[in-house]
Each structure stands twice: as C-alpha cells, then as structure tokens.
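# Tertiary structure, described
Spelled out from the first residue to the last, the chains are:
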Amino acid sequence: MDSPSELLQGAASRRTLLVAGALAPAAALTGAGPEPEAGGLRAISMATHIHGPFSEGKASFEAHLAQARKNKVDVVWWTDHDFRVAAHDHRQAVHFTGAGEPDGIMAFGWTKKLDGKMAGDRVEFVDEPRSPYDQKPALRLSADGGPGTLWYAAKAWNDTYNACIADTTLSIDVRPEEKGGTLLLQVDLSHHPARKGRSAGVYVLRYRIGGTGSPKYKADGITGYVDLPAAPGQWSTITLWLTQDVQKLWPDLVAGDNALRNLKLGVTAKEKEKVSYVVDRLLFVRSRRRGQAGEDLRAEVLAAYAREYADVVQYRAYEVSLVRHLNWYGGDQTMPAFTSPPVRDNDPGRTAAMVDFLHGHGGLVCWNHPLDVEKKESLATLMRERRMLGTDLVEIGRKEWAELLWAFDVAARHALFCTAIGGSDDHDGVDWTAADEPYLTYVWAASTTRADLLAALKKGAAWWVNAAKYRGSLDLRVGGKPAMGAAIVSSAAVQVECSATSLPSGAKLEIVTGRADRDGDSPSVSTAVASAGKKTVTVRPDTYVRTQVRLADRVVAASNPVWVLTQAPPTGIPADRRRTP
C-alpha cells in the first residue's frame, strides 16, 4: 500500500502521457500562418474567448478546433482561466469526515443519488475501519438487493476539483467488506467531436473496483471501463492513472485534452446481492502546476493538434479571473499572483492595477462581459471616469449587445479609444452557432501572425458579428484607404465610405453617427440606413461614425468608429489611430 509521500513522488517522477506518438513542439502554436495577400489587408475571423479543459467546463480543445474548422474561423485564442490553469487552491484531498467538508468558503460535499431499485441502501461515516494513512472517519457505502447503484456525487466550491487530467492522478483507499459487488468511481471527461466511428459527446471513465485478477480495459463507444482488483477484508490504495487509462481505451485521442468533472463514487448490487465498501483518503495529485508549469503543460496539450488542425491558427491567452475578468492577448504569459481563496475582487482599482501589470508583460488587455456587475448607466460612468480601466479592448458583442452598444456610444462620445470586439465565452465546444452567444471578432490585417492581429485590434480595425446570423465584412474608408478605428484631426468635414458585404435577406446596413464632444452621460446618436449595403457619409468635426447590421429586431454585427475631431483630446490620440484627412 503506497504511503502519501510515495504516491506524490511517483506522480512527479512518472511523465504523464498526453497523446499517442510524438508531440509537436509548443512553438507550432505561434507559427506565421498564411502569407498576406499582395498589396492589402484581408478580413480575418477570430474566436477571441474560448475555454478548454483547463477551465471548468466540458469542452476539449479538439471540440473547439472542430467547430473552428466547420465554421471557417481562421484563428482561435485560448482563454482558459489563469488560476485554473495553475490549479490554484484546487482540492487536493477528501477525508470523508461527513457529507460536507468545510474549508473556509471552499467547501466540498457529497449528494446521494439512486440509479435503479434496491431493497436497501446506506451511507455512513464511520470511525472504524479507517485507512491507516488517514486518522479521520471513513465512508461506508452499502447496498442490498438490486439491480441498482447507490451513487455519492461530489461537488466542490467554485468547481475547484475540476481540472485538466494531463498531469493528474487520483488515489483512494478502499476496503471491500463483502466478497461480491463492485465499487464504482466515475468521472466525466470532455466533449469531443465524432471520430473513428464513435459519436460526438462527453467521454466517461468508469473504474470498477473489486475482486481479483489483473486490470482490464474495455471501451464501449465514448464510455470506458477499467476493472481493478481489491481484496476483501483489507485496505488497498487504488491509484488511477487517468491519461494512461484514456490512452489505452481510446488510442486515437489526445489523452491530456480532457477535464476531470462530475466525480462520483458508487456501489452496485445485483438482485439478492449484498455489497459494502469502506473508502477513505481520496487524493488529487497534480504534478505540473507550480509557477509557470501549468502553462507549459497547456502548451504541450495544444501542440498535439498543430498538425491535425494546421488550417486553424492557435494562440494561447488567459482570462485573468480574480478581478473583473480580463482577457490577455499576446503577452509573455507570466502568471499574476493569486489570492487565497480564489475569490473574484470586482474593485475597479484592483482591476486597473491588474491591467497595468499585464501591460508590463506585453500584449493587449480586454474587459470581458462588462455588464456582469454593472448596469448600462453605471458601466458608462465607470468607462468615462476610469478611462476604460486602462484596457485596450472591450467585449461589446455579447448577449446584452443593446445595453453594451449604448455604453460604448457613451465612451465613443468621450473619444475613449478602446476597440469593441465580440466573444462567445464558450466552455462547451458543442455547436458555436447554436450557443447563446455565437459571437466572433473580425479584423482587417495583413496576415494571421500574432503581431499583425494584435496591431489590428489595437488600432480598432475590427468588427464583431453574430456568427449564426451574419458573416460578412464591414469597412470604413477615407480617401479609399482603410480607416476603421481611426481618429482624424480636422476642422473640416470628412467623407467616410461605409460598406457591408454579404447582407442576408432582410438585413440592412445602418450608419450610426454620434457627437464626440467629450460631454454628457448618455449617447447622442442618429441612425440612417444605407441602401444596397453601401453609403458615403459626411462626418462633421467632433463627430464619430460607425456601422451596424440589423436583421429583424437585433444588431448582428457592428464596426468600430471613425472619429473626426477638431483637436486631440487631453489624453492624446494613439499613434496607430491618428490619421490625416
């Protein structure tokens, strides 16, 4: 029987298998991508807010990549939660002291569930027998006369046992009290697309513990079974090597591309069968999460897809999550310091300080889903008074698009140069266009290199779309040259050419013109319709213009503005946005 220290040493010394065959180098994720078209820019589509198995949802990286390919999306930015990549303050042990195990606010608990019909079932926390390695109570699960299963399902505060399995082993001390029956330990893995004759769906790993013999493996579609022996009447430490077992069951999967979710214990009894198991000391051993190790691990898992999905450009990013949520694109990936417990702090000052930290490490910062703790009026005030918290980008293409556009127009009135983008925040990877928030971001860029994409985002050469409704291009030009996001200092009016391509039936291009007088706490805008998706408008000084596509009662795409200002605002105009008439 392994001691706790032996188990930890074994996990750390045994390299986790992430994928069958050799891994592609991590650098493959930051390849140059397609060459730019000769002489100009092109519309490049991006999924800018995507979560994989290092976050708390059910998505695999593979599922999202399959969706990107299906929906012809050029670039995916992986924005897993930073503290979850590091598994910061994630559950390491369960001692079975009761149905709930308080740890400050980070509680862990169990819920009883029955599957089938049994003559009797019992859940008991007992002082004896207990594991020799855990001087605390143990859990006894008993069932009489099935067929059926008594389940005990785990739940952790803020999903803090959910984590990618790439470096994770589980161990549990087990004592069968009867010769018959089976102890079950089951986890849900991640959603994967259909492959090798298997259906799409969430893979399930079920361990069946008990009896004698050698381990056995069986895959039945997307459910895998691992049979492990445990002698009755004595304690055994059962170690579950998750990635190795996934690889044996489904050799074609990238084994590390799976989350650990919906853990549950159970005992199953046949008709007239009596089953009783005592379990103790459940350990979650994650061997590669300290410091930057978790990010290195994520890079390895992603690199396994570089060849299979060479048509989708991938870049690693973070959603910095213990302040108001911020996506960080293009920096050096240095992890910020984490508070304990990992509770989000919505103080604007803390968020602004985090933006400064991230800028100090390079790249761009996006203010995510900004209405989650604000109303539109308070958001607009915060944008004005705290100058967008110092962010470069803000998510406006979200389900609250109407309120967000209202607040963004207030910011535009005050000449706050922050690029509006759209994001899906997808944690599932099932169907991007059928999701609640099917939003993508497009940029006008010369190529899909990271530098070109970040430059386009920074200068506002971007628009967002509802990908289920519209996939065309929006363009604003001055003198025949691209101008979206630009600020033009001029005392004379400027002609701006506005256009939209591929308008669906019933859709119309709207030209939104607003005052840019750096005054007021609400927008001052007017809207006109461009026939045939094209219109040249005269933009007077201290005014901005942007476009949007309306289909029925909703806006399904919106551009960033062009400003015409009589003089630069006191805080100046960024050099990459400043234009001459």
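All of the points below concern the structure found in this document. (Residues numbered from 1 in each chain as written. Predicted model: local features only at pLDDT ≥ 70, side-chain atom pairs only at ≥ 80, totals over all residues. Heavy atoms only, no water.)

### Let's talk about the overall build of the chain
- Across its full length, the chain holds nine helices and 36 strands.
- A principal-axis box enclosing the C-alpha atoms of the chain has dimensions of 90 × 45 × 45 Å.
- Counting all 581 residues of the chain, 57% fall into the buried class.
- A separation threshold of at least 6 residues defines the contact pool for the chain, and within that pool the share at least 24 residues apart is 76%.
- Counting only carbon and sulfur atoms, one obtains 48% of the accessible surface of the chain, whose full area is about 22,100 Å².
- Put simply, the chain has 70 plus and 68 minus side-chain charges, and the middle of one group is 3 Å from the middle of the other. (Helix = DSSP H or I, 4+ residues; strand = E, 2+ residues; numbered from the N terminus. Buried < 20%, exposed > 50% of the residue type's maximum accessible area, 1.4 Å probe, protein only. Contact = heavy atoms within 4.5 Å. Areas by Shrake-Rupley, 256 points an atom, 1.4 Å probe, with all protein chains shown as cover. Lys, Arg positive; Asp, Glu negative; His and termini not counted. Charge placed at Lys NZ, Arg CZ, Asp CG, Glu CD.)

### Brief notes about the sheet that holds strand 29 (residues 494-500)
- What the four strands build is an open sheet, ordered 27-26-29-32; its pairing is antiparallel. If you trace the sheet from one side to the other, it starts and ends with strand 27 (481-482) and strand 32 (534-539), each paired once.
- Sheet topology places strand 26 (residues 474-478) next to strand 29; four bridges connect them, and they run antiparallel. For Asp 475, the partnering residue across the bridge sits in strand 29 and is Ser 499. (Pairing = 2+ DSSP bridges.)

### Some thoughts on the pairing of strand 25 (residues 462-466)
- Counting buried residues along strand 25, five of its five residues qualify, which places the element largely inside the surrounding structure.
- Sheet topology note: the strand 24 (residues 439-445)/strand 25 ladder contains five bridges and is antiparallel. Looking at strand 25, one finds that Thr 441 is bridged to Trp 464.

### Regarding helix 4 (residues 242-249)
- For helix 4, the buried fraction is high: seven of the eight residues fall into the buried class.
- Among the residues making up helix 4, those that are buried are Leu 242, Thr 243, Gln 244, Asp 245, Val 246, Gln 247 and Leu 249.

### Considerations on the pattern of salt bridges
- Under the defined criterion, the tally for this structure stands at 31 salt bridges.
- Salt-bridge contacts for Arg 298 lead to Asp 80; the nearest nitrogen and oxygen are separated by 3.1 Å. With Arg 298 in helix 5 (residues 293-303) and Asp 80 in the loop between strand 2 (75-78) and helix 3 (82-85), this pair connects stretches of sequence that are 218 residues apart. Each member of the pair, Arg 298 together with Asp 80, is buried.
- The residue Glu 437 makes a salt bridge to Arg 398 at a minimum N-O spacing of 2.8 Å. Taken together, the positions of Glu 437 in the loop between strand 23 (419-422) and strand 24 and Arg 398 in the loop between strand 22 (393-397) and helix 8 (401-413) put the pair 39 residues apart, joining distant regions of the chain.
- A residue is classified by how much of its surface remains accessible, and Glu 437, at 10% relative accessible area, is buried. (Salt bridge = Lys/Arg side-chain N within 4 Å of Asp/Glu carboxyl O.)

### Some thoughts on the nonpolar core
- If you look at the biggest cluster of nonpolar residues, it comprises 84 residues, and the most contacted ones within it are Trp 77, Val 443, Leu 453, Leu 474, Val 496 and Val 549.
- If one sorts the elements of this core by residue count, strand 24 sits on top with five residues.
- What Val 549 contacts, discounting residues up to four positions off in sequence, is Tyr 470, Leu 474, Ala 500, Leu 503, Ala 507, Lys 508, Leu 509, Arg 554, Val 555, Val 556 and Ala 557.
- Tyr 152, Leu 260, Ala 269 and Leu 282 belong to the second largest nonpolar core, which has 47 residues in total. (Core = buried A, V, L, I, M, F, W, Y, C linked by side-chain atoms within 4.5 Å.)

### Notes on the environment of Leu 454
- Here Leu 454 shows up in helix 9 (residues 450-458).
- Sequence separation of Leu 454 and Lys 179 is 275 residues, and the distance between their C-alpha atoms is 63 Å.
- Not counting residues within four places of it along the chain, the set of residues in contact with Leu 454 comprises Trp 77, Tyr 329, Gly 330 and Leu 364.

### Describing the sheet that holds strand 20 (residues 326-329)
- Strand order in this open sheet of five strands is 19-20-21-22-23, and the pairing throughout is mixed. This sheet does not close on itself; its edge strands, each paired only once, are strand 19 (318-320) and strand 23. Each neighbouring strand pair of the sheet contributes to a mean axis angle of 35°, computed without reference to strand direction.
- With four bridges connecting them, strand 20 and strand 21 (residues 364-367) associate as antiparallel partners. Each residue of the ladder has a partner; that of Asn 327, found in strand 21, is Cys 366. (Axes fitted to C-alpha atoms, helices over the stretch in contact; angles between N-to-C directions.)

### Some points on helix 9
- Taken as a whole, helix 9 has its buried residues at Leu 453, Leu 454, Ala 456 and Leu 457. Relative to the axis of helix 9, the buried residues are bounded by an arc of 160° and lie together on one face.
- Once helix 9 ends, the next one or two residues include Gly 460, with phi positive near 85°. (Arc of directions from axis to C-beta.)

### Quick word on the side chain of Gln 186
- Its location among the elements puts Gln 186 in strand 11 (residues 182-192).
- By relative accessible area, Gln 186 is classed as buried at 8%.
- Polar side-chain contacts of Gln 186 include one of 2.6 Å to the side chain of Arg 206.
- The residues touching Gln 186, leaving out its near neighbours within four places in the chain, are Trp 151, Val 204, Leu 205, Arg 206, Asn 262, Leu 263 and Lys 264. (Polar contact = N/O pair within 3.5 Å; in protein donor to acceptor, adjacent residues only side chain to side chain.)

### Some thoughts on the side chain of Arg 288
- Tracing the backbone through its elements, the reader meets Arg 288 in the loop between strand 17 (274-286) and helix 5.
- Under the relative-accessibility criterion, Arg 288 is labelled buried at 18%.
- There is a polar contact of 2.8 Å between the side chain of Arg 288 and the side chain of Glu 300.

### Structural notes on the packing of helix 7 (residues 376-385) against helix 8
- The geometry of helix 7 relative to helix 8 is characterised by a closest axis approach of 9 Å and an angle of 30° between their N-to-C directions. Here helix 7 lies roughly parallel to helix 8, going by the angle between them. The interaxial crossing formed by helix 7 with helix 8 has right-handed handedness. Judged by residue contacts, Lys 376, Glu 377, Leu 379, Ala 380, Met 383 and Arg 384 of helix 7 engage Glu 403, Leu 404, Trp 406, Ala 407, Val 410 and Ala 411 from helix 8. (Parallel < 35°, antiparallel > 145°, perpendicular 65-115°, else oblique. Left-handed = near helix turned anticlockwise from the far one by under 90°.)

### Comments concerning the environment of Pro 504
- On the secondary structure map, Pro 504 appears in the loop between strand 29 and strand 30 (507-515).
- Separated by 82 residues in the primary sequence, Pro 504 and Gly 422 have C-alpha atoms spaced 20 Å apart.

### Quick look at the pairing of strand 21
- Of the two faces of strand 21, the one holding Leu 364 and Cys 366 and the one holding Val 365 and Trp 367 are both buried throughout.
- The pairing of strand 21 with strand 22 spans two bridges and is classified as parallel. Considered in strand 22, the bridge of Trp 367 is made with Val 394.
- The parallel pair strand 21 and strand 22, bridged by helix 7, forms a crossover whose chirality is right-handed. (Right-handed = clockwise from strand over helix to strand, strands pointing away.)

### Description of the packing of aromatic side chains
- Here the structure, examined in full by the defined rule, presents 17 aromatic pairs.
- On the basis of an interplanar angle of 35° and a centroid distance of 5.0 Å, the ring pair of Trp 77 and Tyr 315 is categorised as tilted. With Trp 77 in strand 2 and Tyr 315 in strand 18 (residues 313-316), the pair connects residues that are 238 residues apart, well separated along the chain.
- For Trp 77, a relative accessible area of 0% puts it in the buried group.
- Taking relative accessible area as the criterion, Tyr 315 reaches 1% and is therefore assigned buried.
- Judged by centre distance (5.7 Å) and plane angle (80°), the rings of Tyr 439 and Trp 464 are edge-to-face. Taken together, the residues span a long stretch of sequence, with Tyr 439 in strand 24 and Trp 464 in strand 25 at a distance of 25 residues.
- Classification of Tyr 439 by relative accessible area gives buried; the value is 5%.
- Among the aromatic residues, those joined into a cluster by ring pairs are Phe 96, Phe 108, Trp 110, Phe 125, Tyr 152, Tyr 161 and Phe 284.
- Over the ring of Trp 406 we find Lys 376; its NZ or CZ atom is 4.8 Å from the centre of that ring. (Phe/Tyr/Trp six-rings, centres within 6.5 Å; stacked < 30°, edge-to-face > 60°. Lys NZ or Arg CZ within 6 Å of the ring centre and 35° of its normal.)

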